[in-house]
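Observations on chain architecture
Each chain, written out:
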Amino acid sequence: MSDQTWIRSENFIDSSTIESITLAEEIYTSFTAKLLGGIADADLLECYNFFLPYNTDYVNALNLWSGLDSSSPGNTLGVKQLVVKLRGTEIRRWDVDIQSFYPRKSVEYVHLLPHCRKDFQNGAIGERKKAIVNLIEAIADDVNLASLKVEVQTFLDLLTAAIEKQEGQFADINTASNKLEIARMDAADAMMYVYGKLVSKFYKNLKLIETYFPVNLLQRIVQVLFVATLKNNKVRFLFKRKIDSVKDFIQVRLVGKNTVIGFFTNGLTDILPAGDPFLVFTANEQQFCDPLLMGYTDEKRYFYIVKRGVGTSVATVKLG
């Protein structure tokens with residue numbers, strides 16, 4: 001028995017809308033409008049009434065996701081501004097205040113700032129936050145640094161609130177992204193149901209089905225926007241494309257807690273060959289990337305991304 005998938009048993013709506021949220025919206029909305037144009041026929045009215053809620057659910061899910069995604073840079077910026085302030089004016093001032101009581105080589109100073117300013121100026125945001133917590137704990141009940149402790153605690157509270165707001169926003173985006181995918185698949189299934197009804201209605205003249213289906217959109221090959229949910233170091237293929245390396249770039253927006261790498265291969269493997277170039281996409285940031293820096297050539301047109309670490313991230317990739 002053959003293991004080949006019979007093309008007529010596949011959901012071709014699913015394959016036309018997967019990973020392309022804007023194309024999916026075009027397809028579902030256009031399909032709804034075409035069905036509406038035929039509701040004088042009782043069968044078409046039934047199909048329209050059946051599909052309309054699925055289209056509405058998808059549009060609502062897309063609007064929710066888009067609204068959250070467009071607003072998240074503000075939260076990220078708040079954290080970044082505080083981190084910039086920490087590594088610059090704040091830690092310099094704290095260091096000077098401490099040295100007014102304890103010289104740099106004294107036991108007290110080393111206890112308070114064992115690595116001087118380094119822990120506040122380098123590393124991940126969580127590590128810098130931990131450095132602030134350690135400083136507060138080290139000050140303890142030192143009366144000489146009582147006012148400084150209040151100042152450091154105030155800054156820690158601001159940073160903690162900004163991080164929590166950012167993480168809450170990214171969690172909301174991840175939830176909205178999952179709901180959007182469910183709505184996309186539900187609408188694809190519903191569209192296939194209507195397709196079956198129309199095949200039954202027009203089985204002697206199947207060409208008539210094209211009147212109610214957005215054939216031009218379903219046959220569209222070129223996509224420019226891809227959304228991928230990435231899990232636990234699993235490689236994800238996004239597209240094969242000939243790119244103008246002079247004019248084109250790849251825009252990447254990553255939501256999650258881990259970095260993601262992107263690279264091109266010749267399509268014969270989804271593993272980054274040793275020594276081949278790649279780029280690292282930073283969590284919760286938007287980047288504009290040169291395809292050549294990820295190994296793109298006319299022989300290497302297959303683009304892959306893979307998340308490092310455990311957990312889930314959502315990558316939005318746009319060609320431009």
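Anything mentioned here points back to the structure above.
In what follows, the accompanying structure is described. (Residues numbered from 1 in each chain as written. Predicted model: local features only at pLDDT ≥ 70, side-chain atom pairs only at ≥ 80, totals over all residues. Heavy atoms only, no water.)

1. Looking at the sheet that holds strand β2 (residues 235-240)
The strand order across the open sheet formed by 4 strands is β2-β7-β4-β5, and the pairing between neighbours is antiparallel. For this open sheet the edge positions go to β2 and β5 (279-281), each flanked by a neighbour on one side alone. Pairwise comparison of adjacent strand axes, ignoring direction, gives a mean angle of 30 degrees for this sheet. Two strands pair when backbone bridges link them, and strand β4 (residues 260-265) and strand β7 (residues 302-307) are joined in this way by 6 bridges, in the antiparallel orientation. Bridge pairing links Ile261 to Val306 in β7. (Pairing = 2+ DSSP bridges. Helix = DSSP H or I, 4+ residues; strand = E, 2+ residues; numbered from the N terminus. Axes fitted to C-alpha atoms, helices over the stretch in contact; angles between N-to-C directions.)

2. Some thoughts on the environment of Asn134
Looking at the element boundaries, Asn134 is found in helix α6 (residues 125-139). Counting along the chain gives 141 residues from Asn134 to Gly275, while the straight-line C-alpha distance between them is 40 Å.

3. Thoughts on a nonpolar patch on the surface
Taken together, the side chains of Leu36, Ile39 and Leu45 define a hydrophobic patch exposed on the protein surface, amounting to about 210 Å² of accessible area. Summarising the element assignment, Ile39 is placed in the loop between α2 (21-36) and α3 (42-99). For Ile39, a relative accessible area of 30% corresponds to the partly exposed category. (Patch = residues over 30% accessible without salt bridge, like charges linked within 9 Å, V, L, I, M, F, W, Y side chains within 5 Å. Areas by Shrake-Rupley, 256 points an atom, 1.4 Å probe, with all protein chains shown as cover. Salt bridge = Lys/Arg side-chain N within 4 Å of Asp/Glu carboxyl O. Buried < 20%, exposed > 50% of the residue type's maximum accessible area, 1.4 Å probe, protein only.)

4. Description of the packing of aromatic side chains
Two aromatic rings are characterised by how far apart their centres lie and by the angle between their planes. A complete count under the given rule lists 20 aromatic pairs for this structure. For the pair Trp94 and Phe120, a centre-to-centre distance of 6.2 Å together with 85 degrees between the ring planes defines the contact as edge-to-face. Linking Trp94 in helix α3 with Phe120 in helix α5 (residues 118-121), this pair joins segments that are 26 residues apart in sequence. Aromatic pair Trp94 and Phe155: ring centres 5.8 Å apart, planes at 80 degrees, arrangement edge-to-face. Of this pair, Trp94 sits in helix α3 while Phe155 sits in helix α7 (residues 146-201); the two residues are 61 residues apart in sequence, bridging distant segments of the chain. With a relative accessible area of 0%, Trp94 lands in the buried category. Judged by its relative accessible area of 4%, Phe155 is buried. Put simply, the rings of Phe12, Tyr28, Phe31, Phe51, Tyr58, Tyr195 and Phe213 pair up and form one aromatic cluster. (Phe/Tyr/Trp six-rings, centres within 6.5 Å; stacked < 30°, edge-to-face > 60°.)

Interpretation note: all reported values are geometric properties and have no functional meaning in isolation.
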